[in-house]
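Observations on the model geometry
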Amino acid sequence: MIGIENVTKRYKHVTAVNDVNLTIRQREIFGIIGYSGAGKSTLLRCLNLLERPTEGKILIDGKDLTALSDRDVRKERQKIGMIFQHFHLISSKTVFDNIAFSLKAAGKTKEEIKKRVPELLEMVGLSDRGDHYPAQLSGGQKQRVGIARALANEPKVLLCDEATSALDPTTTKSILQLLKTINETLGITIILITHEMEVVRDICHRVAVMENGKVVELADVYDIFANPKTALSKQFVQTVHSLALPERLLAARKGTIVQIIFQGDSAEEAVISETLRQFDVSANILHGQISYIQDRPLGTLIIEMTGNHAEVQQAIDYITKRTNLLEVLAGVA
Ligand code: ADP
């Protein structure tokens with residue numbers, strides 16, 4: 001539904017986005033993650049042509065936005081809502097008028113505005129706050145106003161620029177839940193940029209990992225947690241799914257330390273106890289956790305196996321067959 005084709009954005013001395021190609025599906029929540037300076041924000045702003053790509057095309061429902069005049073772009077932009085880290089509300093206007101502002105800009109009549117704003121306020125859980133000013137609201141409430149304003153003209157796409165980065169963890173969860181509900185009930189495609197892997201884990205369906213203006217990895221969110229391919233993705237995964245073993249434990253090991261990833265159903269199977277029954281090895285659990293990503297279990301376990309070399313190797317082969325991934329962290333290779 002949204003095509004990013006060979007998009008490059010160059011500033012004088014910097015190539016902020018470097019030949020990016022992505023297809024974003026209708027109704028998906030698509031995350032773009034990367035460290036600061038990776039080019040996420042520039043890429044997001046290229047999508048609604050707040051930044052004109054230096055090269056490449058932005059296709060929305062087959063229409064190439066880069067081929068349109070500025071006037072036509074402004075019209076198309078109404079179909080693309082956007083929310084920001086720092087909300088960008090007008091401090092001198094009430095919540096009602098902040099939302100009404102984008103309806104007015106789209107040429108809606110007073111009657112239409114009077115009818116639409118309360119609907120939007122209800123959608124974001126702020127029905128009783130229409131006459132408040134931004135300064136009277138919490139960060140989470142301000143972002144809810146931002147969301148209501150972004151949805152005012154019934155966009156097909158919502159762009160979220162670090163929308164929860166200025167919020168505390170509990171408020172972040174509630175805003176993410178609201179975005180998820182909007183995606184599910186209104187069928188709006190959401191593209192969000194973030195540097196937080198929790199955000200990706202909690203609501204995204206797919207994710208692109210960016211570094212130096214390029215997409216270095218593109219995957220379903222479950223798969224990136226189960227099997228991150230690049231060092232950068234591994235770093236991001238470890239920020240929420242970390243099982244780093246203290247050096248002390250690794251140094252003091254007597255046996256072979258393996259990390260096992262259990263995907264889907266195998267997360268709930270008793271693979272370890274079956275291994276111990278079948279092979280003459282003993283196992284000591286050093287670390288473990290099960291996370292649920294898009295309601296699918298993803299388990300990680302680090303165990304130390306001791307026993308005769310051949311038996312340990314056979315046990316490793318058996319676990320590798322039964323689970324999806326096993327990595328030897330120390331000991332028998
Ligand atoms: P991110 O959102 O991942 O932090 P940005 O897209 O903001 O990354 O920035 C990518 C690179 O482009 C950075 O090196 C940044 O300094 C540069 N950049 C962004 N906007 C401009 C601009 N308007 N003029 C010059 N350089 C810019």
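Residues numbered from 1 in each chain as written. Predicted model: local features only at pLDDT ≥ 70, side-chain atom pairs only at ≥ 80, totals over all residues. Heavy atoms only, no water.

Structural notes on helix α3 (residues 95–105)
- For α3, the complete set of buried residues consists of V95, N98, I99, A100, S102 and L103.
- Of the surrounding elements, those touching the buried residues of α3 are α4 (110–123) and α5 (139–151).
- The positive-phi residue at the C-terminal boundary of α3 is G107, with phi of around 85 degrees. (Buried < 20%, exposed > 50% of the residue type's maximum accessible area, 1.4 Å probe, protein only. Helix = DSSP H or I, 4+ residues; strand = E, 2+ residues; numbered from the N terminus. Contact = heavy atoms within 4.5 Å.)

Description of the domain arrangement of the protein
- The domain architecture assigned to the protein consists of domain 1 (2–238) and domain 2 (247–330).
- In this structure, domain 1 and domain 2 have C-alpha centres spaced 40 Å apart.
- Across the boundary between the two partners, domain 1 contributes eight residues, which contact ten residues of domain 2.
- With both sides pooled, the region where domain 1 packs onto domain 2 buries about 780 Å², and carbon together with sulfur makes up 61% of that total. (Domains from an automatic or database assignment. Buried area = accessible area lost by both parts, 1.4 Å probe.)

Some remarks on the nonpolar core
- With 54 residues, the main nonpolar core has I99, I147, L179, M197 and F225 as its most contacted residues.
- Not counting residues within four places of it along the chain, the set of residues in contact with I147 comprises I83, V124, I175, L178, L179 and I182.
- Among the nonpolar cores identified, the runner-up in size contains 30 residues, and L22, L49, L65 and F84 belong to it. (Core = buried A, V, L, I, M, F, W, Y, C linked by side-chain atoms within 4.5 Å.)

What to know about the side chain of R144
- Mapped onto the fold, R144 is located in helix α5.
- Despite its burial, R144 pairs with no opposite charge; the closest candidate is D128, at 10.0 Å N-O.
- Not counting the four nearest positions on each side in its chain, R144 is found in contact with V124, L126, S174, I175 and L178. (Lys, Arg positive; Asp, Glu negative; His and termini not counted. Salt bridge = Lys/Arg side-chain N within 4 Å of Asp/Glu carboxyl O.)

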